[in-house]
Amino acid sequence: MPIVTRRYTFRLYPNVAQTSKLFEARRLHCYLYNAAISHRKTEYERFGKSVTYLQQQNVLPAFKEDWPEYKELHSQTLQATLKRVDLSYNRFFKGLSKRPKFQSIRNYSGWTYPAYSGWKALTNGKHGQVVLNDLGINIRIRGQVHQWGTPTTLTIIYKPYLNQWYASFTVNVEVPNSKFGSESTLSYQSILAVDLGTQTALTGYDGEDFIELENPRFVRQSEEKVQRLSKKLRRKRSPNHNKKIPASKRWKKARKQVSKLQRKVANQRKNWQHQVTREIASRYDIVVTEKLETKNMTRKAKKGSKRKHQKPRLNRSILDVGFGTLNQQITYKVQSKGGLVIFLPTKKIKPSQRCPQCGTVHKHWADLSNRYHICDNCHFEKGRDKSSVMVMYNVVTNQQTGLGTRLEIVDLTISTSKTRKHTGSMKQMGEMKRQKSRQNNKSLGDLETPTSQKSG
Ligand SMILES: [Zn+2]
């Protein structure tokens, strides 16, 4: 059976004694993070040297001699924290983000156990407990997931705004073999082509009927309320660490109200998504969709662009519907019942530009303002999203005319565990161990001189 990796998050319910231990561990990790940044900074500023992750990892034992409280913590979690520093430097070197900064303990999120070692998940997917060996605590967790499996990593997260703790697991889950291995066994009766659009949240076509789901506008409805609360928050004197203005009780209270409402909206959205995707997965065995890069679509408009005003609005509706997760949820729910999800190569097929009837590609159809499509070749006419799902359906059922070659099903990117994206850090941390041993063998000669510079 194929195995896929999923991330599940549970809320932690620590008691008073456990809470203080969690805070203490978080504080230590935050200090280590800052020490690692300081180390890199001084090495670079004084000697023009850039420090690697491995050098920092090698300093850890010496660091622990000087700071014995770190000996209590699981050493892999310390490595994982150093890895966080490394990742943010990598992002910086690639020009993807700003230079890593010292983290304030106020906002520091938590730490990670990069392997199934030093902790235990006592749950079968519904509530239970998590055991953290290094802190010697056994914390109650609450939450419920569709399908539990073998846990692999654990990240402990603190949300300062809410004053709540969370445990985020990555879990390997077995999904049943797809019933539809090859083209010959495809049954065309239960195929749904899906388009996640902006005008309607979701458009589907199963060969006969269209499904159209309206964009739930609850975010916009709640927006007024959020705005009102945010205004209240702005009118309170905000804390300023530099000017030594502490957070007032009123400011804290107002901020809590805002984040509470935002969380409520997020939950409403999640519920709606689960309803929709459950319905689709129960009715269809094969789901066809196109790969969508939400990131690109939600980026800010370029400077000087005329679409400055249009883009934020488009942004908001895309984020309202919660694109990425809708796609992900359909994928895993269909997979869980042994179905198949097919991602079409958008560039090749151009579903939004192609006429489903005659196959002509109309460049101007791609313009987002073009809501209704009329083919000047065969006079076919339909709404933008509808015509696009028709093309996708036709392609998979081999009925689409106008494509250069007949697309073989094997040619398409069929969803497997490969399509699941990890958060970069976790993936890299998983590979960390192997990398370490490989590099150790390579450079045994110059391993003798890790400068045990204590910083921070
Ligand atoms: Zn046409």
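Residues numbered from 1 in each chain as written. Predicted model: local features only at pLDDT ≥ 70, side-chain atom pairs only at ≥ 80, totals over all residues. Heavy atoms only, no water.

1. Concerning the overall build of the chain
If you tally the helices and strands in the chain, you get 11 helices and 15 strands. Counting across all 456 residues of the chain, residues that qualify as buried make up 43%. Carbon and sulfur atoms form 49% of the exposed surface of the chain, whose accessible area is close to 25,800 Å². (Helix = DSSP H or I, 4+ residues; strand = E, 2+ residues; numbered from the N terminus. Buried < 20%, exposed > 50% of the residue type's maximum accessible area, 1.4 Å probe, protein only. Areas by Shrake-Rupley, 256 points an atom, 1.4 Å probe, with all protein chains shown as cover.)

2. Concerning the sheet that holds strand E5 (residues 137–144)
Across the sheet, 7 strands lie side by side as E2-E6-E7-E1-E5-E4-E3; this open sheet has antiparallel pairing. The open sheet terminates on both sides in strands that have one partner only, identified here as strand E2 (110–113) and strand E3 (119–122). Each adjacent strand pair in this sheet contributes to an overall mean axis angle of 25 degrees, direction not counted. Sheet topology note: the E3/strand E4 (residues 126–132) ladder contains 4 bridges and is antiparallel. Within the sheet, the bridge partner assigned to Trp 119 lies in E4 and is Leu 132. Here helix H1 (residues 16–47) sits on the sheet in contact with strand E1 (3–13), E2, E4, E5, strand E6 (150–159) and strand E7 (164–174), set at roughly 95 degrees to E5. Seen against the sheet, helix H3 (residues 75–93) touches E2 and E6 and runs at an angle of roughly 120 degrees to E2. (Pairing = 2+ DSSP bridges. Axes fitted to C-alpha atoms, helices over the stretch in contact; angles between N-to-C directions. Contact = heavy atoms within 4.5 Å.)

3. Digging into helix H10 (residues 384–396)
With 13 residues, H10 extends 19 Å from end C-alpha to end C-alpha; this agrees with the ideal 18 Å at 1.5 Å per step. Most of H10 sits out of view: 12 of its 13 residues are buried. All of the buried residues in H10 are Arg 384, Asp 385, Ser 387, Ser 388, Val 389, Met 390, Val 391, Met 392, Tyr 393, Asn 394, Val 395 and Val 396. The positive-phi residue at the C-terminal boundary of H10 is Asn 398, with phi of around 55 degrees. (Expected span 1.5 Å × (residues − 1).)

4. Side note on the coordination of the zinc ion
Bound to the zinc ion on the protein side are Cys 355 (SG), Cys 358 (SG), Cys 375 (SG) and Cys 378 (SG), at distances that span 2.2 to 2.3 Å. Between the 4 donor atoms coordinating the zinc ion, the angles at the centre fall across 107 to 113 degrees, so the site counts as tetrahedral. Donor residues binding the zinc ion come from one chain and are separated in sequence as C-x2-C-x16-C-x2-C. Linking Cys 355 in the loop between helix H9 (346–349) and strand E13 (372–374) with Cys 375 in the loop between E13 and strand E14 (381–383), this pair joins segments that are 20 residues apart in sequence. (Donors = N, O, S within 2.8 Å, 3.2 Å for Na, K, Ca; no water. Tetrahedral: all angles 85-135°; square planar, octahedral: opposite > 155°, others 65-115°.)

5. Some words on the packing of H1 against H3
Relative to each other, H1 and H3 sit at 45 degrees, their axes nearing to 9 Å. The orientation of H1 with respect to H3, classified from their angle, is oblique. The hand of the H1/H3 crossing is right-handed. Together, His 29, Leu 32, Tyr 33, Ala 36, Ile 37, Arg 40 and Lys 41 of H1 and Thr 77, Leu 78, Thr 81, Leu 82, Arg 84, Val 85, Asp 86, Ser 88 and Tyr 89 of H3 make up the contact between the two elements. Split by residue class, the contact of H1 with H3 holds 8 nonpolar, 4 polar and 4 charged. (Parallel < 35°, antiparallel > 145°, perpendicular 65-115°, else oblique. Left-handed = near helix turned anticlockwise from the far one by under 90°. Nonpolar A, V, L, I, M, F, W, Y, C, P; charged D, E, K, R; others polar.)

6. Remarks on the confidence of the model for the chain
When pLDDT is averaged along the chain, the result is 78; 76% of the residues meet or exceed 70. Per-element averaging of pLDDT across the chain places helix H11 (residues 424–442) at the bottom with 42 and E2 at the top with 96. In the predicted structure, residues 307–311 sits below a pLDDT of 50 and forms 8 contacts with residues beyond four places in sequence or in another chain. With pLDDT under 50 throughout, residues 409–456 is counted as low confidence; its partners more than four residues away or in other chains account for 70 contacts. (pLDDT = per-residue confidence, 0-100.)

7. Considering the nonpolar core
If you look at the biggest cluster of nonpolar residues, it comprises 44 residues, and the most contacted ones within it are Leu 22, Leu 132, Leu 154, Ile 156 and Phe 169. At 9 residues, the largest contribution of residues to this core is made by H1. Setting aside its immediate chain neighbours within four residues, Phe 169 contacts Arg 6, Arg 7, Tyr 8, Phe 10, Trp 119, Ala 121, Val 130, Ile 141, Trp 148, Thr 153 and Leu 154. In this structure, Ile 342, Val 389, Tyr 393 and Val 396 belong to the second largest nonpolar core, which totals 20 residues. (Core = buried A, V, L, I, M, F, W, Y, C linked by side-chain atoms within 4.5 Å.)

8. Describing the pattern of salt bridges
For the structure shown, the criterion picks out 7 salt bridges. A salt bridge links Glu 279 to Arg 283; the nearest nitrogen and oxygen atoms lie 3.2 Å apart. One end of the pair, Glu 279, and the other, Arg 283, are both in helix H5 (residues 249–283), 4 residues apart, so they sit about a helical turn from each other. The class of Glu 279 is partly exposed, set by a relative accessible area of 41%. Three or more residues are tied together by salt bridges with common partners; here these are Arg 40, Lys 83 and Asp 86. (Salt bridge = Lys/Arg side-chain N within 4 Å of Asp/Glu carboxyl O.)

9. Some words on the pairing of E4
From the end of E3 to the start of E4, which pair antiparallel, there are 3 residues, and Gly 125 there has a positive phi angle of about 110 degrees. Count of turn residues in the E4/E5 antiparallel hairpin: 4 residues, of which Gly 136 carries a positive phi of about 65 degrees.

10. With respect to the packing of H1 against helix H2 (residues 53–66)
Contact geometry for H1 and H2: axes closest at 12 Å, N-to-C directions at 120 degrees. Judged on the interaxial angle alone, H2 and H1 are oblique. As H1 packs across H2, the resulting crossing turns out to be right-handed. Facing Leu 32, Ala 35, Ala 36, His 39 and Arg 40 of H1, the residues of H2 in contact are Tyr 53, Gln 56, Leu 60 and Phe 63. Looking at the contact of H1 with H2, its residues break down into 6 nonpolar, 2 polar and 1 charged.

11. Brief notes about the pairing of strand E8 (residues 191–195)
Here E8 lies mainly inside the structure; 5 of its 5 residues are buried. Of the two faces of E8, both are covered, the one formed by Ile 191, Ala 193 and Asp 195 as well as the one formed by Leu 192 and Val 194. In terms of strand pairing, E8 meets strand E11 (residues 286–290) through 4 bridges, oriented parallel. Counterpart to Ile 191 in the pairing with E11 is Ile 286.

12. Structural notes on the side chain of Arg 84
Looking at the secondary structure, you find Arg 84 in helix H3. Of the buried charged residues, Arg 84 lacks a salt bridge, with Asp 86 as the closest side chain of opposite charge at 12 Å. (Lys, Arg positive; Asp, Glu negative; His and termini not counted.)

13. Considerations on a positive patch on the surface
Where like charges cluster on the molecular surface, the positive patch consists of Lys 225, Arg 228, Lys 232, Arg 250, Lys 253 and Lys 264. Of all elements in the fold, only helix H4 (218–235) and H5 reach the threshold of two or more residues within the positive patch. Positionally, Lys 232 belongs in helix H4. Relative accessible area serves as the criterion here: at 44%, Lys 232 is assigned to the partly exposed category. (Patch = residues over 30% accessible without salt bridge, like charges linked within 9 Å, V, L, I, M, F, W, Y side chains within 5 Å. Charge placed at Lys NZ, Arg CZ, Asp CG, Glu CD.)

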